[in-house]
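# Inside the fold
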Amino acid sequence: MRALAKDNLSLLIQALREEGYEVLGPRMGEGAIIYGPLDSAEELPRGWIEEQEAGRYRLKRDPANRYFAFTLGPQSWKKYLHPPNLCLYKTKKTDQGLEFKSESWHKKQAFLGVRACEMEAILKQDRVFLEQLHPDKPYQERRESVFLVGVNCSRAGGACFCVSTETGPTLKSGDDITLTELEEIFLLEARSARGRAVLGRLPTEEASSHALSEAARQEEHVCRQMGRTLDTEGLAELLKNNLNHPRWKDVGDRCLTCGNCTMVCPTCFCFSVEEMTDLAGLESQRVRQWDSCFSEQFTLTSGNSQRSSAEARYRQWMTHKLATWHDQFDESGCVGCGRCIVWCPVGIDITEEAAVIREKDGASHANS
Amino acid sequence: MIPALFEVTEVSRDNEVTFSLEARSKNGVPFHFRPGQFNMLYAFGKGEIPISISGKPYTDHTVIHTVQNVGAVSRALTELRPGDSFGLRGPFGRGWPVEKALGGDLLLMAGGLGLAPLRPVIYEVLHSRSSFGRVILLYGARSLERLVFGEELKQWQDGHDLEVFVTLDIADPEWNGHVGVVTSLCRTAAQLIDASNATAFICGPPIMMRFSMRELLGLGVQPARCFVSLERNMQCGVGHCGHCQYGPLFLCKDGPVIDCEGLLPWLKVKEL
Ligand SMILES: Cc1cc2nc3c(=O)[nH]c(=O)nc-3n(C[C@H](O)[C@H](O)[C@H](O)COP(=O)(O)OP(=O)(O)OC[C@H]3O[C@@H](n4cnc5c(N)ncnc54)[C@H](O)[C@@H]3O)c2cc1C
Ligand code: SF4
Ligand code: SF4
Ligand code: FES
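Fair warning: this is a prediction, and the values are worked out from it, not measured in the lab.

## Thoughts on the overall build of chain A
A tally of helices and strands in chain A yields 13 helices and 16 strands. Its C-alpha atoms give chain A a radius of gyration of 22 Å, within 12% of the compact-globule value 21 Å for 368 residues. Dimensions of chain A, computed from C-alpha atoms along their principal axes, come out at roughly 65 × 65 × 35 Å. Here chain A, with 368 residues, has 57% of them falling under the buried criterion. Excluding contacts between residues fewer than 6 apart, the proportion of contacts in chain A whose partners are at least 24 apart in sequence is 71%. Just so you have it, chain A exposes about 15700 Å², and 47% of that area is on carbon and sulfur atoms. Taking the average place of the 46 positive charges on the side chains of chain A and the average place of its 54 negative ones, the gap between the two points comes to 2 Å.

This is the structure we're talking about:
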């Protein structure tokens with residue numbers, strides 16, 4: 001474990017840039033902390049934290065003036081690895097018939113500030129897009145070239161429950177360098193060969209035992225501070241046994257089916273592909289766009305939506321995250337980031353919905 | 001995934017809204033599939049849709065799709081003529097487990113265009129006829145105009161390899177065969193075979209499949225040997241887009257053919 005002076009954080013960004021990476025990280029924008037290009041550490045939202053609750057997000061100043069005291073904004077890294085809008089290929093009419101062309105991805109990007117839950121979300125999307133008979137090329141190209149700088153959280157947000165989902169608050173694997181911000185210094189640990197190469201370019205020294213115990217105390221503190229809990233014991237089976245529970249109707253009556261939860265969720269991966277033709281009708285593009293299981297068209301077949309009620313759509317979303325994801329990928333689809341709770345305009349809380357179903361296990365609709 | 005370029009070699013009309021397109025790869029790559037698998041077909045400027053492969057397995061250089069014109073993309077496909085090009089990705093999905101029927105009786109039930117994904121099974125049966133016991137086809141169409149593969153049905157009926165029963169939902173002066181929904185033929189079929197040892201493949205509109213399944217299980221067909229081909233919205237065909245999910249299944253890769261045993265718990269849930 002190495003120690004880096006706080007003032008030297010910009011050197012990490014500089015080293016990554018010198019290695020040819022475009023550095024992306026948290027910055028202020030749109031009334032929230034969002035991800036964008038970073039030229040130096042000055043651009044980080046240093047000294048800001050958020051107040052987060054169901055349906056509520058507010059930025060405020062933190063006298064401690066740390067670089068990474070805030071937690072998660074509305075965006076996750078999926079906006080880069082699985083872009084919301086992506087041209088899959090272009091088609092041109094030619095004498096031979098049609099010609100298909102796709103563009104390869106050549107950029108090298110580095111994500112600075114990947115939290116533990118975010119790292120786990122990336123690993124979950126890897127299973128969806130890569131660990132398949134047909135790996136997804138656009139995702140693969142982006143994922144293989146990305147450099148990940150993880151950051152261990154020093155505070156938990158009001159909607160966080162990564163301790164329950166065992167996805168945080170401390171990074172376990174997958175990133176190239178992990179940062180831990182302490183009072184006076186950063187701790188740095190390299191986890192890959194390219195991580196070691198970048199770390200080697202920085203003026204670090206061996207971390208003191210004092211610093212290591214400060215890091216351990218900080219982790220304990222974050223665990224105690226979790227805004228929420230989710231009882232995951234037998235949860236998948238519980239939900240599958242309660243598909244006719246009256247709570248689905250209750251939550252369906254509150255849900256606006258706006259799809260915000262699916263847009264902010266770092267593991268939600270669904271998309272649609274649209275045909276976009278130029279005015280002359282000679283060229284066309286297949287454009288992939290994020291889609292949401294909350295839309296009525298999502299399941300359109302034979303002229304009907306298979307899930308016409310809000311109740312059915314909320315149930316699909318939540319049971320996919322917490323139950324059927326286990327059947328599909330041998331793990332849960334939720335990393336406990338709490339974004340779906342914070343960014344739901346009516347404050348629907350996945351942990352609360354699960355708790356109510358557990359409390360009244362076996363209840364069912366009067367009419368079914 | 002970029003489609004492969006295919007060229008239409010022959011078009012035949014199955015009914016007023018349904019056409020079979022024979023095509024071959026523009027760069028001469030052989031095409032292999034298993035009965036019940038589907039392709040994602042791309043029509044320039046319109047889009048891409050899942051379409052079952054309806055021709056002979058192991059023909060190497062041509063592939064046949066039978067397309068019903070119901071909307072933008074399917075219309076564009078049915079309007080293709082010999083020499084025209086389209087894009088093809090596939091084959092995708094798990095098809096009919098024909099090997100499970102080897103040595104035993106096989107019951108095929110089709111409604112409407114549901115005969116298209118079952119036709120390759122029939123070709124495979126005819127190709128190695130002695131490997132199967134009795135093979136029965138129950139086919140129902142809405143009306144005489146909507147019947148598909150009429151010529152072939154007649155050939156199969158006249159031959160001795162299959163026992164073919166065709167019914168129309170609506171009576172027609174030009175039709176002297178059976179009238180009624182296809183499930184009304186189940187009892188007749190069940191008398192010809194040993195249901196508890198038979199394998200059944202069902203494909204048709206959702207309601208038809210629901211009732212057929214219920215009927216066949218009631219007549220003693222084992223749920224683990226009764227298979228249906230399910231339909232959902234499909235955008236990718238390879239397990240990435242999420243649209244085709246049905247309970248824990250991605251129908252594009254875990255299906256479209258699913259055994260009834262695994263389905264039974266989910267069938268009880270509305271709007272799954
Ligand atoms: C695994 C699988 C295999 C399939 N095999 C075949 C096949 O062999 N031949 C074939 O013709 N079709 C087949 N389909 C159905 C076909 O994919 C749809 O008809 C097609 O997607 C409709 O697209 P479109 O752009 O033409 O119509 P859209 O513009 O999308 O829809 C036009 C109208 O038709 C309705 N519609 C959409 N799908 C269907 C449908 N399946 N049946 C009736 N109406 C519909 C729409 O709701 C809308 O009202 C298959 C579907 C799946 C999932
Ligand atoms: S379901 Fe909610 S808490 Fe879980 S990963 Fe998605 S946004 Fe985060
Ligand atoms: S749960 Fe909330 S965020 Fe998700 S679709 Fe319903 S109203 Fe929108
Ligand atoms: S069609 Fe895209 S996941 Fe099945």
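## Let's talk about the overall build of chain B
The secondary structure content of chain B amounts to 6 helices and 15 strands. At 18 Å, chain B has a C-alpha radius of gyration in line with the 19 Å of a compact globule built from 272 residues. Principal-axis analysis of the C-alpha atoms places the extent of chain B at approximately 50 × 45 × 35 Å. For chain B, the proportion of its 272 residues judged to be buried stands at 57%. Here the contacts in chain B between residues at least 6 apart in sequence split such that 69% fall between residues at least 24 apart.

## Brief notes about the site of ligand 1
Around ligand 1, the surrounding shell holds 19 residues, and the nearest of these are A:G303, B:P50, B:Q68, B:S74 and B:E231. Around ligand 1 the close residues trace back to chains A and B. In this structure, a nitrogen atom belonging to ligand 1 sits 2.9 Å away from a side-chain N or O atom of B:S52. Contacts to ligand 1 include B:E231, whose side-chain N or O atom sits 2.4 Å from a nitrogen atom. In the complex, the protein chains occlude 73% of the 880 Å² of accessible area that ligand 1 would expose alone.

## Focus: the domain arrangement of chain A
Residue and element names in this part refer to chain A. Domain boundaries assigned for chain A yield domain 1 (2-82 + 105-224) and domain 2 (235-270 + 291-365). Across the contact, 30 residues belong to domain 1 and 28 residues belong to domain 2. Summing both sides of the interface, domain 1 and domain 2 together bury roughly 2200 Å²; the carbon and sulfur share of this comes to 61%. Sorting the residues of domain 1 by area buried against domain 2 places K124, R127 and F161 first, and these three jointly supply 26% of that buried surface. At the junction of domain 1 with domain 2, the criterion picks out 3 salt bridges. Joining domain 1 to domain 2, the criterion identifies 19 residue pairs in polar contact (both at pLDDT 80 or more). Elements that contribute at least two residues to the side of domain 1 that touches domain 2 include exactly β4 (48-53), β5 (56-61), α3 (116-129) and α5 (162-165). At 9 residues, α3 tops the list of elements feeding residues into the side of domain 1 that touches domain 2. Of the residues belonging to the side of domain 1 that touches domain 2, the class tally is 13 nonpolar, 10 polar and 7 charged.

## A look at the sheet that holds strand β3 (residues 32-37) of chain A
Paired through their backbone hydrogen bonds, the strands of a sheet run either parallel or antiparallel. All names here are of chain A. Taking strand neighbours across the sheet as the criterion, the 8 strands line up as β3-β2-β8-β9-β10-β11-β1-β12 in an open arrangement whose pairing is mixed. With one partner strand each, in any of the chains shown, β3 and β12 (205-206) form the two edges of the open sheet. Here strand β8 (residues 109-114) pairs with strand β9 (residues 147-152) via 4 bridges, running parallel. Among the inter-strand pairings, F111 is bridged to a residue of β9, identified as L148. Contacting β10 (177-181) and β11 (185-190), helix α7 (residues 209-225) runs over the sheet at an angle of about 90° to β11.

## Points about helix α2 (residues 115-127) of chain B
All names here are of chain B. End to end, α2 covers 18 Å across 13 residues, agreeing with the expected 18 Å (1.5 Å per residue, within 8%). Within the span of α2, buried status applies to L115, A116, P117, L118, R119, P120, V121, I122, Y123, E124 and V125. Where α2 is buried, its residues meet β4 (47-52), β5 (63-68), β7 (106-111), β8 (135-141), α3 (150-158) and β11 (199-203).

## Let's talk about the sheet that holds β5(B)
Residues and elements named next belong to chain B. Spatial strand order, β4-β3-β6-β1-β2-β5: 6 strands in an open sheet with antiparallel pairing. Strands at the two margins of the open sheet, each flanked by one partner only, are β4 and β5. Each strand of the sheet is rotated relative to its neighbour by a mean of 40°, with strand direction disregarded. Here strand β1 (residues 4-15) runs beside strand β6 (residues 85-92); their pairing, made up of 4 bridges, is antiparallel. Across the sheet, residue E7 finds its bridge partner in β6, namely S85.

## Re the packing of aromatic side chains
All names here are of chain A. Summed over the entire model, instances satisfying the criterion amount to 28 aromatic pairs over all chains. Measuring from centroid to centroid gives 4.5 Å for W77 and F111, while their planes differ by 10°, and the two rings are stacked. Residue W77 is found in the loop between β5 and α2 (78-81), and its partner F111 is found in strand β8; the two are separated by 34 residues along the sequence. Accessibility expressed as a relative area gives 1% for W77, which makes it buried. Judged by its relative accessible area of 0%, F111 falls in the buried class. For the pair W325 and F329, a centre-to-centre distance of 5.7 Å together with 50° between the ring planes defines the contact as tilted. Of this pair, W325 and F329 both sit in helix α11 (residues 310-329), 4 residues apart, roughly one helical turn. Residue W325 is classed as buried on the basis of its relative accessible area, which comes to 1%. Given a relative accessible area of 6%, F329 falls into the buried group.

Cut-offs and rules
- Residues numbered from 1 in each chain as written.
- Chains lettered and ligands numbered in written order.
- Predicted model: local features only at pLDDT ≥ 70, side-chain atom pairs only at ≥ 80, totals over all residues.
- Heavy atoms only, no water.
- Helix = DSSP H or I, 4+ residues; strand = E, 2+ residues; numbered from the N terminus.
- Rg over C-alpha atoms; globule rule 2.2 N^0.38 Å.
- Buried < 20%, exposed > 50% of the residue type's maximum accessible area, 1.4 Å probe, protein only.
- Contact = heavy atoms within 4.5 Å.
- Areas by Shrake-Rupley, 256 points an atom, 1.4 Å probe, with all protein chains shown as cover.
- Lys, Arg positive; Asp, Glu negative; His and termini not counted.
- Charge placed at Lys NZ, Arg CZ, Asp CG, Glu CD.
- Near = heavy atom within 4 Å.
- Polar contact = N/O pair within 3.5 Å; in protein donor to acceptor, adjacent residues only side chain to side chain.
- Domains from an automatic or database assignment.
- Buried area = accessible area lost by both parts, 1.4 Å probe.
- Salt bridge = Lys/Arg side-chain N within 4 Å of Asp/Glu carboxyl O.
- Nonpolar A, V, L, I, M, F, W, Y, C, P; charged D, E, K, R; others polar.
- Pairing = 2+ DSSP bridges.
- Axes fitted to C-alpha atoms, helices over the stretch in contact; angles between N-to-C directions.
- Expected span 1.5 Å × (residues − 1).
- Phe/Tyr/Trp six-rings, centres within 6.5 Å; stacked < 30°, edge-to-face > 60°.

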